[in-house]
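# An overview of the molecular structure
Chain by chain, the residues run as shown.
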Amino acid sequence: TFSPGQRVKGTVSRLTDFGAFVELLPGVDGLIHVSELSWTKKIRKPSDLLKAGEQVEVVVLGVKIAEKRISLGLKQALGDPWEEAEKKFASGTVIEGPVTSLTSFGAFVDIGNGLEGMVHIADITNEKRLNHPREMLAVGQTVKATVLGVDREKRRIRLGMKQLEPTSADEFIAEHKTGDSITGRLVDVGANRAKVEVAEGVVAECKLTGRGKPAGSGSPSAETPKADLSSLTAMLSAKWKQGPSVSTDESSELKPGQVRSFRIVNLDPAKKKIEVDLVG
């Protein structure tokens, strides 16, 4: 009557510490071992999930006629949520859910569909170093996090909260627009590109059209945007602004440490990317 893989319905006849017996036919019971009750939750005892007299749908896992044993699975009938986890929770997906538990190494968050993700203690915040997640989080607290990765084989979902915190680059991009004239300090100069610190901890990329010559200087009639004097003043007064300034008419080779004038040509909030042109 019964074969492996078959879906059947029955009534929970009795519960034990190791599983639940389900009556499939009069005088014929099958056993759902406690390990076959849920894909995602650690069930300590069947009574936490089932009760006697309850109607359930199960999948037959095995039939041993000689031993008069039928093995059943409840979780197989419910479907494995991990089959769709990689698609539903792709890297970068933002989730929101309550904290279900805290450990010394991180916090577990309910992300729905019977799944939990884990935020490692190092990925909770950028503000300070935590000794324990409870310094920032509490069980039941609703949090937002981004998916960092899904490991279907190990049934693990890594989450990060600090990745959603605004960075210095986010603030810079929010306060500026394409075409703005700014000042910056060269921190690395290559053959065709340079890296420019445009604010404390914020680095932009600059494409060089000619080594040692400001971009656009080939044409005498080219219009040079006026430097932002307030930005330049603030820049020179900050710690990271050490190093000699270079006047706009200086044509010497570009070197790290020089303070120059730039124009913003692209702002990409998603990639936190800033691109500038050298104008002086």
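Structural data are supplied above this passage.
Residues numbered from 1 in each chain as written. Predicted model: local features only at pLDDT ≥ 70, side-chain atom pairs only at ≥ 80, totals over all residues. Heavy atoms only, no water.

### Concerning helix α3 (residues 168–175)
To be explicit about the condition: Exposure categories follow from relative accessible area, calculated using a 1.4 Å probe and restricted to protein chains: below 20% of the type maximum is buried, above 50% is exposed, and the middle band is partly exposed. Counting from the N terminus, the helices are DSSP H or I runs at least four residues long and the strands are E runs at least two residues long. Relevant arc is that of directions from the helix axis to the C-beta atoms, nothing else. Between two residues, a contact is recorded if the distance between any of their heavy atoms is within 4.5 Å.
Taken together, the buried positions of α3 are A169, F172 and I173. End-on, the buried residues of α3 take up no more than an arc of 95°, which puts them together on one face. Of the exposed residues in α3, those oriented more than 90 degrees away from the buried face are A174 and E175. Those residues of α3 that are buried are in contact with β11 (181–189), β12 (193–199), β13 (202–207), β14 (259–268) and β15 (273–278).

### Side note on the pattern of salt bridges
Stated formally: For this analysis, a salt bridge means a side-chain nitrogen from Lys or Arg found within 4 Å of a carboxyl oxygen belonging to Asp or Glu.
Scanning all chains against the criterion turns up nine salt bridges. Measuring nitrogen to oxygen at the nearest pair gives 2.8 Å for the salt bridge that ties K272 to D170. Residue K272 is located in the loop between β14 and β15, and its partner D170 is located in helix α3; the two are separated by 102 residues in the primary sequence. The exposure class assigned to K272 is partly exposed, which follows from its relative accessible area of 35%.

### Considering unusual backbone geometry
The residue R155 is not glycine, and still its phi comes out positive at about 55°. Looking at the element boundaries, R155 is found in the loop between β9 (142–151) and β10 (156–160). Residue R155 is classed as partly exposed on the basis of its relative accessible area, which comes to 31%. Phi is positive for K272, close to 55°, though the residue is something other than glycine.

### Remarks on the pairing of strand β4 (residues 55–64)
Which entries qualify depends on this criterion: Pairing between strands is defined by DSSP: at least two bridges between the two strands are required.
In terms of strand pairing, strand β1 (residues 7–15) meets β4 through five bridges, oriented antiparallel. Bridge pairing links V8 to V58 in β4. Linking two consecutive strands that pair antiparallel, namely β4 and strand β5 (residues 69–73), is a turn of four residues; a positive phi of about 55° is found at K68 within it.

### Overview of the sheet that holds β1
Strand-to-strand pairing in sheets goes through backbone hydrogen bonds, with the strands running parallel or antiparallel. For the record, the criterion: Think of each axis as a best-fit line through the C-alpha atoms, taken over the contacting stretch in the case of a helix, with angles from 0 to 180 degrees between the N-to-C directions.
Taking strand neighbours around the barrel as the criterion, the five strands line up as β1-β2-β3-β5-β4 in a closed arrangement whose pairing is mixed. Strand-to-strand twist across the sheet, computed as the mean angle between neighbouring axes with direction ignored, equals 55°.

### Observations regarding the pairing of β9
Here strand β6 (residues 94–103) runs beside β9; their pairing, made up of five bridges, is antiparallel. Bridge pairing in β9 places P98 opposite T142. In this structure, β9 lies alongside β10, joined through five bridges in antiparallel fashion. Directly across from V147, in β10, lies its bridge partner L159. Hairpin connection between β9 and β10: a loop of four residues separates the two successive antiparallel strands, and R155 in this loop has a positive phi of roughly 55°.

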